[in-house]
Amino acid sequence: MKHFEDTESLITVRDWLRFAVSRFNEAELFFGHGTDNAFDEAAYLILHTLHLPLDRLEPFLDASLTHGESEQVQAVIERRVHERLPAAYLTHEAWLGAHRFYVDERVIVPRSFIAELLHEQLAPWVENPDEVTRALDLCTGSGCLAVLAALAFPNAEVDAADLSKDALDVAAKNVGDYGLADRIELVESDLFAALDGRTYDVIVSNPPYVNAESVAALPPEYQAEPALALGSGEDGLDATRKILAGAQAHLNPGGLLVVEIGHNRDALEAAYPALPFTWLDTESGDQYVFMLRREDLAGL
């Protein structure tokens, strides 16, 4: 890997922050895994590398780094520029709200809109969270939504299913970190294939949903993620079709299916004109997550 030169004059956090922003902009990095600009990404990577509070940059801007710390900061900046890895793979952490999760290249970087809905316990669609006793996170990846579901519904046993054994190994670490191994069962399953006979009050899923054209145009930061977790056929809806076809058999009466589908709302509604999709509001709008009840799926 090519190393940056002429960095001897970089002494303080402010110096390294300016340098990192310049290098990130020069390299035309893509941001979308927790930050959306070079400054925030640089600040996060530097603060994390120096073991400083992630929400307190200002007090440390003029602090001097030791030679060893400078080497560590330079190394993480170089990796971000030259390897084009998402920051989460460099720090092995990702945040959904106030919740931290371990991640590495075996899983997609968590960024689901469903997380904020679980923070609200799927209100008002779930009237009494204490009455949810069975939940499923389909395509669990790092296990983040399974963990959030267990926290949102304190009386629920949660299944976390994924086709990738590697992803389930990462999920197991996160489940253990949150002390939820007694409530979350990890299941190796191609969607519902290994879940025969299991039914749920709530099913959440953030499946692959990127269409083939978009997959081909993804920047290197997204190409670093597992391809299995991104693409889903020509129109991005292959996995969603299978979920819709199988969900009714795995939902209890009145049960909820909540699925994230990215930018595919128009295509999905065109493919299923008879389904009464409820589109859930998130901070980014009401285009990305739909909800159906078991009874809505009766016609499929």
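Cut-offs used in this document
- Residues numbered from 1 in each chain as written.
- Predicted model: local features only at pLDDT ≥ 70, side-chain atom pairs only at ≥ 80, totals over all residues.
- Heavy atoms only, no water.
- Helix = DSSP H or I, 4+ residues; strand = E, 2+ residues; numbered from the N terminus.
- Rg over C-alpha atoms; globule rule 2.2 N^0.38 Å.
- Buried < 20%, exposed > 50% of the residue type's maximum accessible area, 1.4 Å probe, protein only.
- Contact = heavy atoms within 4.5 Å.
- Areas by Shrake-Rupley, 256 points an atom, 1.4 Å probe, with all protein chains shown as cover.
- Lys, Arg positive; Asp, Glu negative; His and termini not counted.
- Charge placed at Lys NZ, Arg CZ, Asp CG, Glu CD.
- Pairing = 2+ DSSP bridges.
- Axes fitted to C-alpha atoms, helices over the stretch in contact; angles between N-to-C directions.
- Parallel < 35°, antiparallel > 145°, perpendicular 65-115°, else oblique.
- Left-handed = near helix turned anticlockwise from the far one by under 90°.
- Nonpolar A, V, L, I, M, F, W, Y, C, P; charged D, E, K, R; others polar.
- Phe/Tyr/Trp six-rings, centres within 6.5 Å; stacked < 30°, edge-to-face > 60°.
- Lys NZ or Arg CZ within 6 Å of the ring centre and 35° of its normal.
- Salt bridge = Lys/Arg side-chain N within 4 Å of Asp/Glu carboxyl O.
- Expected span 1.5 Å × (residues − 1).

Q: Account for the overall build of the protein chain, naming residues and giving values.
A: Check the secondary structure of the protein chain and you find 11 helices and nine strands. Rg of the C-alpha trace for the protein chain: 21 Å, near the compact-globule value of 19 Å for 300 residues, within the 12% margin. Judged by the C-alpha coordinates and their principal axes, the protein chain covers about 70 × 40 × 30 Å. Burial analysis of the protein chain (300 residues in total) assigns 51% to the buried set. Restricting to contacts in the protein chain with at least 6 residues of sequence separation, those with at least 24 account for 68%. Accessible surface, the protein chain: about 13,900 Å² in total, of which carbon and sulfur atoms supply 49%. Counting 21 positive and 51 negative side-chain charges, the protein chain places the averaged centre of each group 2 Å from the other.

Q: Hey, could you go over the sheet that holds strand β3 (residues 134–138) for me, with residue numbers and the actual values?
A: Here seven strands make up an open sheet; going across it, the order is β5-β4-β3-β6-β7-β9-β8 and the pairing mixed. Looking at which strands have only one partner, the edges of the open sheet turn out to be β5 (184–188) and β8 (278–279). Strand direction decides the pairing type here: β8 and strand β9 (residues 289–293), joined by two bridges, are antiparallel. Paired with W279 across the bridge in β9 is F290. The strands that helix α7 (residues 165–177) touches are β4 (157–162) and β5; relative to β5, the one it contacts most, it runs at about 175 degrees. The sheet contacts of helix α10 (residues 238–247) involve β3, β6 (200–205), β7 (251–260) and β9, and relative to β7 the element is tilted by about 175 degrees.

Q: Residue-level account of the packing of helix α1 (residues 13–26) against helix α2 (residues 38–49), with values.
A: Where α1 meets α2, the axes come as close as 9 Å, and the angle between the chain directions of the two elements is 130 degrees. As far as their axial angle goes, α2 and α1 are oblique. Crossing of α1 over α2 shows right-handed handedness. On the side of α1, the interface is formed by V13, W16, L17, A20, V21, F24 and N25, while α2 contributes A38, F39, E41, A42, A43, L45 and I46. Of the residues assigned to the contact of α1 with α2, the class counts are 12 nonpolar, one polar and one charged.

Q: Before we move on, could you go through the packing of aromatic side chains and cite the residues and values that matter?
A: In this structure the tally under the stated criterion is eight aromatic pairs. Here the aromatic rings of F4 and F19 are separated by 5.3 Å at their centres, their planes lie at 85 degrees, and the arrangement is edge-to-face. Residue F4 is located in the segment before α1, and its partner F19 is located in helix α1; the two are separated by 15 residues in the primary sequence. Since its relative accessible area comes to 16%, F4 is described here as buried. Above the ring of Y102, the side-chain terminus of K173 is found at 5.4 Å from the ring centroid.

Q: Quick one: what's the story with the pattern of salt bridges, residue by residue and with numbers?
A: Evaluated as defined, the whole model comprises 18 salt bridges. One salt bridge connects E221 with R80, and the closest N-O pair in it is separated by 3.0 Å. One end of the pair, E221, is in helix α9 (residues 220–223); the other, R80, is in helix α3 (residues 67–82), with 141 residues separating them in the sequence. Residue class for E221 comes out buried when judged on its relative accessible area of 0%. Salt-bridge contacts for E185 lead to R198; the nearest nitrogen and oxygen are separated by 3.4 Å. Pair noted here: E185 is in strand β5 and R198 is in the loop between β5 and β6, with a separation of 13 residues, a long-range link. Exposure remark for E185: the relative accessible area of 40% places this residue in the partly exposed category. Here the salt bridges share partners, and the residues they tie into one network are E41, R80, R84 and E221.

Q: Lay out α1 with the relevant residues and their values.
A: Because an α-helix packs 3.6 residues into every turn, residues spaced three or four apart end up facing the same way. Helix length check: α1 (14 residues) gives 20 Å between terminal C-alpha atoms against 20 Å at 1.5 Å per residue, within 8%. Of all the residues in α1, the buried ones are V13, W16, L17, F19, A20, V21, R23 and F24. On the buried face of α1, the contacting elements are α2 and α3. One or two residues past the end of α1 sits E28, with phi positive at roughly 55 degrees.

Q: Outline the packing of α1 against α3, supporting the account with residue identities and numerical values.
A: α3 packs onto α1 with a crossing angle of 15 degrees between their chain directions and a minimal axis gap of 10 Å. Taken together, the axes of α1 and α3 lie roughly parallel to each other. Seen from above, α1 lies across α3 with right-handed handedness. Where α1 approaches α3, its residues W16, F19, A20, R23 and F24 are matched on the opposing element by S70, V73, Q74, I77, R80 and V81. Among the residues making up the contact of α1 with α3, the classes are represented as seven nonpolar, two polar and two charged.

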